[in-house]
Amino acid sequence: MRAGAILAARPQFHASVGSSAHEEGRPEMDVKAEVIAAETRIRPHVRETPVEMSRALGRIGDAIVLLKMENLQITGSFKLRGAMNKLLSLTPEQRARGIVTASSGNHGAAVACGLREIGIRGIIYVPENASPAKIANIRSYGAEVRTHATDSGLTEIFARRYASDNGHLYVSPYNDPAVVGGQGTVGLELSRRLDSMDALYVALGGGGLISGVGGYLKEIGRRVEVVACSPENSAVMHHSLRAGRILSMESKPTLSDGTAGAVEQETITFESCRRYVDRSILVTEDAIRDAMRLVIDHHHTLIEGSAGAAVAGYIKDKDRRADHTVVIVLCGANISRERLRDIL
């Protein structure tokens, strides 16, 4: 059975988690235009990652399962796409002001890589409890790293205020059309490789990746069910989508540290998620751990907890997926040796 050939006659899934920005009369981000612009801008600077079939995951759901290997991206995660697109879109005057950003790790490494490549100065704030492996990855690019708070949302608030007070430009991990557009190039690459797909599983944090990838695929007419996957221990956007507003919630520790923490109020990704996400599901820490082990064992490739969350979401959904073509975005590979040892 050829991957991507199943969906031709199937109607589009419409069980949206909420009403769209268009329905409420709010301004919308033009996801398709942002992605196309980003593709032209970032192509010399990012890797087109492979798509690999997973027979092990396919057997679980009696499906064709394809893994989009963003864990093999430069800097070890998809975040390079959005960060590089934002930095390359800046004017000379904006570059001269210097950059400030906040990150649980992967976005910080992506920005640090871009700063070094383009020649811009910047400061990267991370939570005090950020993964040591991810902090080391940021520093490996020569960036200045500072810490604040233990929740990535609070770190973002502080970093944005610091940038404003000191005349720097703040680069959000997700709350920026250029960042979303860059992440959406994952979807553009998938559209070139696959004629169609039934379902797309993506880890959900601030919503930048799923807004860009799911939004682009749907705006070009692909009939695909977009499934957001969040850890039960930290699922702010998941619960916010159900509440119809961004919530302030306590987050517990999770293996999916790349999706953990608060979500910035008024983020553009909230309405994008309401528009493009068909279902949002929760997965346990045990499920994330088991998913990570499965991918490592059968594909001999390293993934971090947020990628494990997306795999765990598909496994939770296995009874829905018989005879379907499924794409899972393995969004990153940055995990410490100590955490990896605990998982294995």
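Scope of this entry: the structure provided in the associated data block. In this text the structure is predicted, and so the values were computed from the model without any measurement.

## Some thoughts on the sheet that holds strand β5 (residues 144-147)
Working step 1: Spatially, 4 strands are ordered β5-β4-β3-β6 in an open sheet, and the strand pairing comes out parallel. A strand with exactly one partner marks an edge of an open sheet, and here the two such strands are β5 and β6 (169-171). Direction aside, the axes of adjacent strands within the sheet are offset by 25° on average.
Working step 2: As paired strands, strand β3 (residues 99-102) and strand β4 (residues 122-126) are joined by 4 bridges and run parallel to one another. Residue pairing across strands places Ile 99 opposite Gly 122, the latter belonging to β4.
Working step 3: Of the strands in this sheet, β3, β4, β5 and β6 touch helix α7 (residues 152-165), which is tilted by about 170° from β3.

## Let's talk about the environment of Arg 320
Working step 1: Considering the arrangement of structural elements, one finds Arg 320 in the loop between α14 (305-316) and β10 (325-330).
Working step 2: Here Arg 320 falls in the partly exposed class, since its relative accessible area comes to 44%.
Working step 3: In sequence terms Arg 320 and Ser 256 are 64 residues apart; their C-alpha atoms lie 24 Å from each other.
Working step 4: Excluding anything up to four places from it in sequence, Arg 320 contacts Glu 225 and Arg 279.

## Some words on helix α6 (residues 132-139)
Side chains of residues three or four places apart in an α-helix project in the same direction, reflecting 3.6 residues per turn.
Working step 1: Turning to α6, its buried residues number three or more, namely Lys 134, Ile 135, Asn 137 and Ile 138. Axial view of α6: buried residues confined to an arc of 155°, hence all on one face.
Working step 2: Elements that come into contact with the buried residues of α6 comprise α5 (106-118), β4 and β5.

The rules behind the values
- Residues numbered from 1 in each chain as written.
- Predicted model: local features only at pLDDT ≥ 70, side-chain atom pairs only at ≥ 80, totals over all residues.
- Heavy atoms only, no water.
- Pairing = 2+ DSSP bridges.
- Helix = DSSP H or I, 4+ residues; strand = E, 2+ residues; numbered from the N terminus.
- Axes fitted to C-alpha atoms, helices over the stretch in contact; angles between N-to-C directions.
- Contact = heavy atoms within 4.5 Å.
- Buried < 20%, exposed > 50% of the residue type's maximum accessible area, 1.4 Å probe, protein only.
- Arc of directions from axis to C-beta.

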